[in-house]
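Residue-level listing of the chains:
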Amino acid sequence: MTLWQIDIYPADGQPDALGSSAASAAADMGIAKDLTIHGAYGFLLGGPLSESETKRIGQQLLSDPIAQKCRVAKVG
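Residues numbered from 1 in each chain as written. Predicted model: local features only at pLDDT ≥ 70, side-chain atom pairs only at ≥ 80, totals over all residues. Heavy atoms only, no water.

Visitor: It is not clear to me how the nonpolar core should be interpreted in this structure. Could you clarify?
Guide: Buried together is how nonpolar side chains tend to be arranged in soluble globular proteins. Counting five residues, the largest nonpolar core consists of W4, I6, I8, C70 and V72. With three residues, strand β1 (residues 2-10) is the largest single contributor of residues to this core. Those residues in contact with I8 that lie beyond four places of it in its chain are A40, Y41, F43, G58, L62, S63, Q68, K69 and C70. (Core = buried A, V, L, I, M, F, W, Y, C linked by side-chain atoms within 4.5 Å. Buried < 20%, exposed > 50% of the residue type's maximum accessible area, 1.4 Å probe, protein only. Helix = DSSP H or I, 4+ residues; strand = E, 2+ residues; numbered from the N terminus. Contact = heavy atoms within 4.5 Å.)

Visitor: Just to check I follow, could you spell out a nonpolar patch on the surface for this structure?
Guide: Side chains of L3, L44 and V75 sit close together on the surface and give an oily, nonpolar patch of about 250 Å² of accessible area. Position of L3 relative to the elements: it lies in strand β1. (Patch = residues over 30% accessible without salt bridge, like charges linked within 9 Å, V, L, I, M, F, W, Y side chains within 5 Å. Areas by Shrake-Rupley, 256 points an atom, 1.4 Å probe, with all protein chains shown as cover. Salt bridge = Lys/Arg side-chain N within 4 Å of Asp/Glu carboxyl O.)

Visitor: Please explain helix α1 (residues 17-28) as it appears in this structure.
Guide: Because an α-helix packs 3.6 residues into every turn, residues spaced three or four apart end up facing the same way. Here α1 is twelve residues long and its end C-alpha atoms lie 16 Å apart, about the 16 Å a rise of 1.5 Å per residue gives. Those residues of α1 that sit buried are G19, A23 and A26. On an axial view of α1, the arc spanned by its buried residues comes to 60°, and they lie on one face. For α1, exposure combined with an orientation more than 90 degrees from the buried face picks out A17 and D28. Immediately beyond the C-terminal end of α1, within one or two residues, lies G30, with a positive phi of roughly 80°. (Expected span 1.5 Å × (residues − 1). Arc of directions from axis to C-beta.)

Following this line, the structure appears as structure tokens:
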């Protein structure tokens, strides 16, 4: 069984709502007022999948191809 990591990021030119929210929360807590945070979220997917199958799942099922981009890597 192969374990894959699929990370989802905002597409180029799209707003980074997750990063902006984290930076705003840090400012509200007094940690820093001018942080730049880039947000992403990820999935771990295990099974007998090829890299191309995993990329297809990431691009067509787990992300919005217009507003997001995904990166796929084998874990380990």
